[in-house]
Amino acid sequence: MQNRTLEIGVGLFLLAGLLALLLLALRVSGLTVGSVDNTYKVYAHFTNIAGLTVRAKVTTAGVTIGKVTAIDLDRDSYTGRVTMALDKDVDNLPLDSTASILTAGLLGEKYIGISVGGDEELLADGSTIHDTQSSLVLEDLIGKFLLNSVNKDQAN
Amino acid sequence: MSAENKYAVELKGVSFQRGDRAIFNNVDIRIPRGKVTAIMGPSGCGKTTLLRLIGAQLKPSRGEVWVNGLNLPKLSRAELFDMRKQMGVLFQSGALFTDLDVFENVAFPLRVHTQLPDEMIRDIVLMKLQAVGLRGALDLMPDELSGGMKRRVALARAIALDPQILMYDEPFVGQDPIAMGVLVRLIRLLNDALGITSIVVSHDLAETASIADYLYVVGDTQVLGQGTPEELMNSENPRVRQFMQGTPDGPVPFHFPAANYRDDLLGER
Amino acid sequence: MRKTSTLERVRLFGRAGLDVLATLGRSTVFLLRALFGRGSSGNSLQLLIKQLYSVGVMSLAIIVVSGVFIGMVLSLQGFSILAKYGSEQAVGQMVALTLLRELGPVVTALLFAGRAGSALTAEIGNMKSTEQLSSLAMIGVDPLKYIVAPRLWAGFISMPLLAMIFSVVGIWGGAMVAVDWLGVYEGSFWANMQSSVAFREDVLNGVIKSLVFAFVVTWIAVFQGYDCEPTSEGISRATTRTVVYASLAVLGLDFILTALMFGDF
């Protein structure tokens, strides 16, 4: 009888542990089973990817449709080449869509937003988005702003 | 081969050291088969160490320990555990497994070493407990037993596998006269009824002398004397005589070695 | 006079070094024999279940309670800092990453050392001092197989499970504070968390960490019990040593593991 409660306790403990792993996988890390097969690869070149990291989300109209899987430097053009994995469900993005690096909130994480273009041809596995808008670098922005105000002062 | 049959345990030229301190120096001890042999000596002379050497829980620094024709220091770990099935030990504290009740304690060696059905294990355990007079204590836990009862349960466990050699580590220490009498009778009875070789390590002279067929007195890293109890009582060796007669001063001095008493009291500090 | 005392000090230092090496060697032999040595231990599954109960299930309460509180505190602290930068919704990812990568494995290991480790040392030390270990050996049962091995395995199995339970409960506690009290939008709390937590990099690395900790803490606890001086002072000293050594080992190893796992980005 004592053995029985012991075994039940251990069984519940093991179950709780496995359930915890499952929760961590599905709820916390957002792992989806078999997600590897349901994506296609698209590339984009940016002159400056500053702040974008692997695993950043890719959105269209604010809806997440994929994520960044790799970032490397293109040796010929000296641009940052970003590899994105997009959901197969979203297979109707025109070839001339624009990819821009955006920031969530003032100092939040960087992500890629894709604005839909008007081309007949669609993005397929392995194609490249040519129309890109680079990361907004706060220092550059402030620099421009200061320069502008100085110019204005001089004009006055 | 005849010597092997006559002696169950033989220590040949055994030395043992703990750290820098020598416990035994070139000791020869032979334990005759089927008899009660007592190993006696003052406290701290390494009697328990001797049992551990025979049980191969310790390895001698030098020398050979033969048990039933096997040289223990040469055996592998697995062979040792195999050999120990032929040995039973009654530890000073009883050493019952505190998380098992009396029945399971006695059944333990049977469960791990035999494939006997539960029915038969039950019968054997009841027989062993009956032999030590504790069949009624079947369901008690070790912490519900008195010291003497613990030792008797431990004894039942030690004989569960019908060993050929049974060792007792200080069986009489801290027992009331009744428990002592029970143990003395049990040791003699089990030895004669089961035909096993008994080794009793003790410093309780009267009880030990009353059951032992043969006595060894050890002390100061040596065997000081051996013989039947009567022979030793009349020993010429002053150290043996001091021990056997229990005189407070003699070759083993009353005073621990110290500087001159007078100098210590009156001398400069 | 001076010269000899310096020499004496060097000798003592050398002696201490040799002692440390000897202990390391003994504990390694001890571990290998317990885990891989030949010899039966009877119904080993039954023994393992018993130990899983006393090592794992009995530690569950302290793990769950500490997990909830640590998650809640993380959430409160994270919120007040992140709110200054207007990114309160990132509190979910902060809580989850902190718990999965660091606090889950480390705090679980520290609590485990205090709760189960000290109990293991005391229990085995007590068995040694009451001659139960010798008695087992004389019955022909290897105490390394019968007593030590099931406890080692129970520790190895329990701790990663406990660490994962700790993280889950902590994240839940954090979510409760952030969403219900502080008013972070629930959707962005979880979405932020999911987009920044990677299963392999964060969850699995955390589990690997706690496996390493489980190995070290259980090994230290069981060895200290087995190797202790069989007296009551000896046992209490060994118990203290278990908690101190295990905690230091966990914190030191955590740094090394973190550097190896997350150091390159």
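Conventions used here
Residues numbered from 1 in each chain as written. Chains lettered and ligands numbered in written order. Predicted model: local features only at pLDDT ≥ 70, side-chain atom pairs only at ≥ 80, totals over all residues. Heavy atoms only, no water. UniProt positions renumbered as here; feature names shortened; annotations may be inferred. Helix = DSSP H or I, 4+ residues; strand = E, 2+ residues; numbered from the N terminus. Buried < 20%, exposed > 50% of the residue type's maximum accessible area, 1.4 Å probe, protein only. Contact = heavy atoms within 4.5 Å. Areas by Shrake-Rupley, 256 points an atom, 1.4 Å probe, with all protein chains shown as cover. Phe/Tyr/Trp six-rings, centres within 6.5 Å; stacked < 30°, edge-to-face > 60°. Domains from an automatic or database assignment. Buried area = accessible area lost by both parts, 1.4 Å probe. Salt bridge = Lys/Arg side-chain N within 4 Å of Asp/Glu carboxyl O. Polar contact = N/O pair within 3.5 Å; in protein donor to acceptor, adjacent residues only side chain to side chain. Patch = residues over 30% accessible without salt bridge, like charges linked within 9 Å, V, L, I, M, F, W, Y side chains within 5 Å. Lys, Arg positive; Asp, Glu negative; His and termini not counted. Charge placed at Lys NZ, Arg CZ, Asp CG, Glu CD. Pairing = 2+ DSSP bridges. Core = buried A, V, L, I, M, F, W, Y, C linked by side-chain atoms within 4.5 Å.

Under an unreviewed UniProt entry, the name given to chain B is Intermembrane phospholipid transport system ATP-binding protein MlaF, and the source organism is Pseudomonas taeanensis MS-3. Listed under Subunit (unreviewed entry) in UniProt, the entry text for chain B is "The complex is composed of two ATP-binding proteins (MlaF), two transmembrane proteins (MlaE), two cytoplasmic solute-binding proteins (MlaB) and six periplasmic solute-binding proteins (MlaD)." A UniProt comment under Sequence similarities (unreviewed entry) is attached to chain B, and it reads "Belongs to the ABC transporter superfamily. MlaF family."

Going by the annotation in an unreviewed UniProt entry, the name recorded for chain A is Organic solvent ABC transporter substrate-binding protein, with Pseudomonas taeanensis MS-3 given as the source organism.

1. Digging into the overall build of chain A
Scanning chain A from terminus to terminus reveals 2 helices and 8 strands. For chain A, the sequential pattern of α-helices and β-strands runs α-β-β-β-β-β-β-β-β-α. Classification of the 156 residues of chain A by burial places 32% in the buried group. Sequence-distant contacts in chain A: of pairs separated by 6 or more residues, those separated by 24 or more amount to 63%. Put simply, chain A shows about 9,800 Å² of open surface, and 57% of that area lies on carbon and sulfur atoms.

2. Comments concerning the packing of aromatic side chains
The geometry of an aromatic ring pair is captured by two quantities: the separation of the ring centres and the angle between the planes. Residue and element names in this part refer to chain C. Applying the stated criterion to the full structure yields 9 aromatic pairs over all chains. Between W153 and F156 the ring centres are 5.6 Å apart and the planes differ by 80°, which places this aromatic pair in the edge-to-face class. Taken together, the positions of W153 and F156, both in helix α6 (residues 143–181) and 3 residues apart, correspond to about one turn of that helix. Among the aromatic side chains, those forming a connected cluster through ring pairs are W153, F156, F215 and W219.

3. Some remarks on the environment of G225 of chain C
All names here are of chain C. Looking at where G225 falls in the secondary structure, it is placed in helix α8 (residues 199–227). In this structure the C-alpha to C-alpha distance between G225 and G114, which are 111 residues apart in sequence, comes to 14 Å. Setting aside chain neighbours within four positions, we find G225 in contact with T121, I124, G125 and K128.

4. Remarks on the domain arrangement of chain A
In terms of domains, chain A is made up of domain 1 (1–34) and domain 2 (39–136). Here the C-alpha centroids of domain 1 of chain A and domain 2 of chain A sit 38 Å apart.

5. Re the interface of chain C and chain B
One widely used convention gives an interface's size as the accessible area the parts lose upon coming together. In this assembly, 18 residues from chain C lie in contact with 25 residues from chain B. Here chain C meets chain B over a buried area of about 1,900 Å², counting both sides, of which 57% is carbon and sulfur. In terms of surface lost to chain B, no three residues of chain C exceed E131, M138 and I139 of chain C, which account for 36% of the buried area on that side. Scanning the region where chain C abuts chain B turns up 2 salt bridges. Among the ionic pairs, R52 of chain B bridges to E131 of chain C, the shortest N-O distance being 3.7 Å. Seen at the junction of chain C and chain B, the total is 7 residue pairs in polar contact (both at pLDDT 80 or more).

6. A word on the arrangement of the chains
The protein chains that touch form 2 pairs of chains, and the pair with the most contacts between them is chains A and C. The smallest C-alpha distance separating chain A from chain B is 12 Å, and no contact links them.

7. Some remarks on a negative patch on the surface
A contiguous patch of negative charge on the surface is contributed by D96, D119, E120, E121 and D131 of chain A. Looking at the element boundaries, D131 of chain A is found in strand β8 (residues 131–133).

8. Remarks on the sheet that holds strand β1 (residues 7–18) of chain B
Residues and elements named next belong to chain B. With respect to topology, 4 strands assemble into an open sheet ordered β2-β1-β4-β5, the strand pairing being antiparallel. The outermost strands of the open sheet, each flanked by one partner alone, are β2 (21–32) and β5 (70–71). Note that β1 and strand β4 (residues 62–67) share 5 bridges and pair antiparallel. The residue bridging S15 from the neighbouring strand is R62, located in β4.

9. Let's talk about the interface of chain C and chain A
Across the boundary between the two partners, chain C contributes 32 residues, which contact 25 residues of chain A. Between chain C and chain A the total buried area reaches about 2,600 Å² when both faces are included, carbon and sulfur atoms providing 73% of it. At the surface where chain C touches chain A, the tally comes to 0 salt bridges. At the boundary of chain C with chain A, the tally comes to 2 residue pairs in polar contact (both at pLDDT 80 or more). For the side of chain C that touches chain A, the secondary-structure elements that each account for two or more residues are α2 (44–56), α4 (91–129), α6, α7 (186–196) and α8 of chain C. A total of 9 residues in the side of chain C that touches chain A trace back to one element, the largest contributor, which is α6 of chain C.

10. Some remarks on the UniProt feature "domain: ABC transporter" (unreviewed entry) in chain B
Mapped onto this numbering, the UniProt entry annotates "domain: ABC transporter" (unreviewed entry) at residues 9–245 of chain B. Across residues 9–245 of chain B, the secondary structure splits into 38% helix and 26% strand, with the terminal C-alpha atoms separated by 28 Å.

11. A short note on the nonpolar core
Among the nonpolar cores identified, the biggest contains 84 residues, and F108 of chain B together with F189 of chain C are the most heavily contacted of them. Here the element with the most residues in this core is α6 of chain C; it accounts for 20 residues. Discounting residues that sit within four places of it in the chain, F108 of chain B has contacts with F97 and L100 of chain B together with L136, I139, V141 and Y146 of chain C. Formed by 37 residues, the second largest nonpolar core is a distinct cluster that contains L96, L138, A160 and L186 of chain B.

12. Section: the side chain of D169 of chain B
Mapped onto the elements of the fold, D169 of chain B is located in strand β7 (residues 165–169). One buried charged residue, D169 of chain B, remains without a salt bridge, the closest side chain of opposite sign being R52 of chain B at 5.7 Å. Aside from chain neighbours lying at most four places away, what touches D169 of chain B is T48, L51, L90, F91, Q92 and V201 of chain B together with E131 of chain C.

13. A word on a positive patch on the surface
Residues and elements named next belong to chain B. A cluster of basic residues, K6, K12, R30 and K35, forms a positive patch on the protein surface. For K6, the position within the fold is in helix α1 (residues 2–6). Judged by relative accessible area, which is 52%, K6 ranks as exposed.

14. A closer look at the pairing of strand β9 (residues 214–219) of chain B
Residues and elements named next belong to chain B. Extensive coverage of β9 is indicated by the burial of 5 of its 6 residues. Of the strand pairs in this sheet, β9 and strand β10 (residues 222–227) are connected by 5 bridges, and their pairing is antiparallel. Counterpart to V218 in the pairing with β10 is V223. Here β9 folds back onto β10 in antiparallel fashion, the turn holding 2 residues, of which D220 has a positive phi close to 60°.

15. Focus on the pattern of salt bridges
Residue and element names in this part refer to chain C. The final tally for this structure, using the stated rule, is 14 salt bridges over all chains. Among the ionic pairs, D202 bridges to R101, the shortest N-O distance being 2.7 Å. Taken as a pair, D202 in helix α8 and R101 in helix α4 lie far apart in primary sequence, 101 residues in all. As far as the burial class goes, D202 and R101 line up, both buried.

16. Some words on unusual backbone geometry
Residue and element names in this part refer to chain B. In the Ramachandran plot, N26 falls in the positive-phi region, its phi being about 55° despite a non-glycine side chain. Tracing the backbone shows N26 in strand β2. Even without being a glycine, A56 presents a positive backbone phi close to 60°.

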